[in-house]
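Single-letter residue listing:
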Amino acid sequence: MSSTPDHPPAPQRLAVDYIHAPTPLALLGLPETLAVFGFGALAPATSTIDDPRYLRVPLSPLREAAAPYEVWRAAGPVTTGREGSVRYSHDGALMFGVVEWEEPEGGILHASAHAYAAMAAFWRDSGYPHLLRIWNYFDAITQGEGDGERYRQFCIGRVQGLGDVDTRTLPAATAIGSRDGRRVLQVYWLAAREPGTPLENPRQVSAYRYPREYGPQSPSFARALLPPSHQVPLLLSGTASIVGHASQHADSLRAQLDETLTNLDSLLGAARTHAATLPAHLDASSRLKVYVSDAADADAVAAQLEARLGTRVPWLMLHADVCRRELLVEIEGMHGVGA
């Protein structure tokens, strides 16, 4: 879905849209804008926009030269600020925050430990103590062998920075590899005054219960999260072709994408046991980001998505690496936007 910034009325809950605009400035000019994300080299650099709510994500769009901006609009006037390394905005019910941390000589483990320690120190005293969703982007996510792989090192640092992790309150999350060559970890999040309900996929082992073969520290996230009081759409974590804990269909993009969509359907079913009014299937109330590791696969992925979902589901396709080398595609999103 894309549109132009025409000063719509403030939403009654978090609204998320993909909007084409020449710059993010008009979007940031709306008093209810909580965050704006640009994608790829054609979006303005974060440092050139003097607003804590703007972030350029270093992932290039596929199938279009310039990606739309992703815009989050809250239910009321938004306050912004900076505290140490954290930039933030909030509206009295929800908070957006972001940390960008350059990797020291110790690599991604130390960067993730420092970034998450800074995030935790800020968020726990912010008045918005409940994490709903986290996004993590960093370069060369699958580089390295065995426990030295960068994603495994990131998982170790994340828990070091967070401290004690209660698996009953884990947020939804995404960890995706960029290809810009810059060793800067981006972590941004959505938090609330009230807790949400973490959800797991009955087709999959919970990520925090993965066996040792996936690294010394299991990933720390829930498969989805149903936010409090219907303030926010259902938050879907990065989802790929995994059943149980094992990757499926390593030799088939089509089969991987089908399995991924089946997993998303399973998560919607799990969510509807708690919120029966949620739409039963991905539809116009969904907002998806589709991460594709091989740019040459973009047209095939788009054709399969349209065949499976139709043309009413808004999605943004980005060139990125999934956290397992054999996985060719991953999808995350929100569901029930405006529902």
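Everything below is about the structure shown above.
Residues numbered from 1 in each chain as written. Predicted model: local features only at pLDDT ≥ 70, side-chain atom pairs only at ≥ 80, totals over all residues. Heavy atoms only, no water.

Draft legend 1. Expanded view of the pairing of strand 7 (residues 86–90). Here strand 7 lies mainly inside the structure; five of its five residues are buried. Burial along strand 7 is two-sided: Val-86, Tyr-88 and His-90 and Arg-87 and Ser-89, pointing in opposite directions, are all buried. In this sheet, strand 7 lies alongside strand 6 (residues 79–83) in antiparallel orientation, the contact comprising five bridges. Across the sheet, Glu-83 pairs through a bridge with Val-86, a residue of strand 7. Here strand 7 hands over to strand 8 (residues 94–102) after three residues, with Gly-92 in that stretch at a positive phi of 100 degrees. (Buried < 20%, exposed > 50% of the residue type's maximum accessible area, 1.4 Å probe, protein only. Helix = DSSP H or I, 4+ residues; strand = E, 2+ residues; numbered from the N terminus. Pairing = 2+ DSSP bridges.)

Draft legend 2. Layout of the environment of Ala-41. Along the chain, Ala-41 turns up in the loop between strand 2 (33–39) and strand 3 (54–57). C-alpha of Ala-41 to C-alpha of Ala-65: the two residues are 24 residues apart in sequence and 9.6 Å apart in space.

Draft legend 3. Seen up close, the sheet that holds strand 18 (residues 315–319). One open sheet accounts for seven strands, arranged 4-18-17-19-14-13-12; its pairing is mixed. Of all strands in the sheet, those bounded by a partner on one side alone are strand 4 (60–61) and strand 12 (197–199). Pairing between strand 13 (residues 224–226) and strand 14 (residues 234–239): two bridges, direction antiparallel. Paired with Ala-224 across the bridge in strand 14 is Leu-236.

Draft legend 4. Broad picture of the nonpolar core. Grouped together as the largest cluster of nonpolar side chains are 36 residues, with contacts concentrated most on Met-119, Trp-123, Ile-134, Tyr-151, Phe-154, Val-187 and Trp-189. Listed by contribution, the elements that provide at least two residues to this core are strand 7, strand 8, helix 2 (108–123), strand 9 (130–139), helix 3 (150–162), strand 10 (172–178) and strand 11 (184–192). Per-element tally for this core: the top contributor is helix 2, with eight residues. With 34 residues, the next largest nonpolar core counts Phe-37, Ile-176, Ala-192 and Leu-225 among its residues. (Core = buried A, V, L, I, M, F, W, Y, C linked by side-chain atoms within 4.5 Å.)

Draft legend 5. Representation of the pairing of strand 11. By the criterion of burial, strand 11 is predominantly enclosed, with nine of the nine residues buried. Across the two faces of strand 11 the burial is the same, with Val-184, Gln-186, Tyr-188, Leu-190 and Ala-192 and Leu-185, Val-187, Trp-189 and Ala-191 all buried. As judged from the seven bridges shared by strand 9 and strand 11, these two strands associate in the antiparallel manner. Residue pairing in the sheet places Tyr-137 in a bridge with Gln-186 of strand 11.

Draft legend 6. Examining helix 3 more closely. The end-to-end C-alpha separation of helix 3 is 18 Å, in line with the 18 Å expected for 13 residues at 1.5 Å each. Three or more residues of helix 3 are buried, namely Arg-150, Tyr-151, Arg-152, Phe-154, Cys-155, Ile-156, Gly-157, Arg-158, Val-159, Gly-161 and Leu-162. For helix 3, the elements touching its buried residues are helix 2, strand 9, strand 10 and strand 11. Two residues or fewer past helix 3, Gly-163 is found with a positive phi of approximately 80 degrees. (Expected span 1.5 Å × (residues − 1). Contact = heavy atoms within 4.5 Å.)

Draft legend 7. Layout of the environment of Ala-45. Structurally, Ala-45 is set in the loop between strand 2 and strand 3. Placed ten residues apart in sequence, Ala-45 and Leu-55 show a C-alpha to C-alpha distance of 7.8 Å. Apart from the residues within four sequence positions on either side, Ala-45 is in contact with Tyr-54 and Arg-56.

Draft legend 8. Spatial organisation of the packing of aromatic side chains. In the structure shown here, the tally under the stated rule is 15 aromatic pairs. Plain terms: the ring middles of Tyr-116 and Phe-154 are 6.3 Å apart, the flat faces sit at 65 degrees to each other, and that makes the pair edge-to-face. With Tyr-116 in helix 2 and Phe-154 in helix 3, this pair connects stretches of sequence that are 38 residues apart. Across the pair, exposure class does not vary: Tyr-116 and Phe-154 are buried alike. With a centroid separation of 6.2 Å and 35 degrees between ring planes, the pair formed by Tyr-137 and Tyr-188 is classed as tilted. (Phe/Tyr/Trp six-rings, centres within 6.5 Å; stacked < 30°, edge-to-face > 60°.)

Draft legend 9. The environment of Ser-241, seen in detail. Relative to the assigned elements, Ser-241 resides in the loop between strand 14 and strand 15 (242–243). Look at Ser-241 and you get buried, because its relative accessible area is 0%. With 97 residues separating them along the chain, Ser-241 and Gly-338 place their C-alpha atoms 28 Å apart. Other than its neighbours up to four places away in sequence, Ser-241 contacts Ala-246, Ser-247, Gln-248, His-249, Gln-256, Glu-259, Thr-260 and Leu-327.

Draft legend 10. Structural view of the pattern of salt bridges. A full pass over the atoms with the stated rule returns 21 salt bridges. Two residues, Arg-82 and Asp-50, come together in a salt bridge whose shortest N-O distance is 3.5 Å. Here Arg-82, found in strand 6, pairs with Asp-50, found in the loop between strand 2 and strand 3; they are 32 residues apart in sequence, far enough to count as distant. Exposure remark for Arg-82: the relative accessible area of 48% places this residue in the partly exposed category. You can call Asp-50 exposed: its relative accessible area is 72%. It is possible to trace a salt-bridge network through shared partners that takes in Glu-70, Arg-133, Lys-289 and Glu-332. (Salt bridge = Lys/Arg side-chain N within 4 Å of Asp/Glu carboxyl O.)

In short, geometric facts, not functional conclusions.
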